[in-house]
Amino acid sequence: QVQLVESGGGLVQAGGSLRLSCAASGRTFSSYSMGWFRQAPGKDREFVSAIKWSGGSTYYADSVKGRFTISRDNGQNTVYLQMNSLKPEDTAIYYCALDRVRLRPVLPTAPRDYDYWGQGTQVTVSA
């Protein structure tokens, strides 16, 4: 049974930083790309970042490029999202997700590319 458990959300002032973690179990973690998405109230879920199963490639939404960094530790079955220079518009529930395709050669960026999701962690950035 696959499980994804996020942690690290919270309340931070604009300009501050947070580090999200997502611990995975139940699938060979090192064979699957991982993604982060977010959903703000009244808005659709949007792509934030993805990292290839090997850790060799990453991709970011334009809105977070240069401020967020995704990484993974395949030995710990964990993916991270370091968020710096946070803005009020980054306020959302953040979800990690596991690619549905093993050893996918390209980075998945659409929600339909993922088949398992964490429960979400709230990030609130005050002005």
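This text follows the structure it describes.
Draft legend 1. Layout of the nonpolar core. Counting 33 residues, the largest nonpolar core has Met 34, Trp 36, Phe 68, Val 79, Leu 81, Met 83 and Tyr 94 as the members making the most contacts within it. Those elements giving two or more residues to this core turn out to be β3 (18-25), β4 (34-39), β5 (46-51), β7 (68-73), β8 (78-83), β9 (92-99) and β11 (121-126).

Draft legend 2. The arrangement of the side chain of Asp 113 in detail. Along the chain, Asp 113 turns up in the loop between β9 and β10 (114-117). Overall, the relative accessible area of 15% leaves Asp 113 in the buried class. Within the structure, the side chain of Asp 113 is placed 3.3 Å from the backbone nitrogen of Thr 109, a separation counted as a polar contact. In this view, Asp 113 contacts Asp 99, Arg 100, Arg 104 and Pro 108; residues no more than four positions away in its chain are not counted.

Draft legend 3. Broad picture of the state of the cysteines. Tallied over the full model, the rule gives one disulfide. Cys 22 shares a disulfide with Cys 96; S-S distance 2.0 Å. In this structure, the disulfide formed by Cys 22 and Cys 96 twists by about 55° around the S-S bond and is classed as right-handed. Highlighted residues: Cys 22 in strand β3 and Cys 96 in strand β9, separated in sequence by 74 residues. The class of Cys 96 is buried, set by a relative accessible area of 0%.

Draft legend 4. Representation of the sheet that holds β3. Taking strand neighbours across the sheet as the criterion, the four strands line up as β1-β3-β8-β7 in an open arrangement whose pairing is antiparallel. The sheet is open, and its two borders are formed by β1 (3-7) and β7, each paired with just one other strand. Mean inter-strand twist for the sheet, computed between neighbouring axes without regard to direction, equals 15°. As defined by bridge partners, β7 adjoins β8 across six bridges and the pair is classed as antiparallel. The residue of β8 that forms the bridge with Phe 68 is Met 83.

Draft legend 5. Examining the environment of Thr 78 more closely. Here Thr 78 shows up in strand β8. When the C-alpha positions of Thr 78 and Leu 4 are compared, they lie 9.2 Å apart, and in sequence the two are 74 residues distant. Setting aside chain neighbours within four positions, we find Thr 78 in contact with Ser 21, Cys 22, Ala 23, Phe 29, Ser 71, Arg 72 and Asp 73. Within the structure, Thr 78 has its side chain in polar contact with the backbone oxygen of Gln 76 (distance 2.8 Å).

Rules and cut-offs
Residues numbered from 1 in each chain as written. Predicted model: local features only at pLDDT ≥ 70, side-chain atom pairs only at ≥ 80, totals over all residues. Heavy atoms only, no water. Core = buried A, V, L, I, M, F, W, Y, C linked by side-chain atoms within 4.5 Å. Buried < 20%, exposed > 50% of the residue type's maximum accessible area, 1.4 Å probe, protein only. Helix = DSSP H or I, 4+ residues; strand = E, 2+ residues; numbered from the N terminus. Polar contact = N/O pair within 3.5 Å; in protein donor to acceptor, adjacent residues only side chain to side chain. Contact = heavy atoms within 4.5 Å. Disulfide = S-S within 2.5 Å. Pairing = 2+ DSSP bridges. Axes fitted to C-alpha atoms, helices over the stretch in contact; angles between N-to-C directions.

From the geometry alone we can't say anything about function, so treat these as descriptive.
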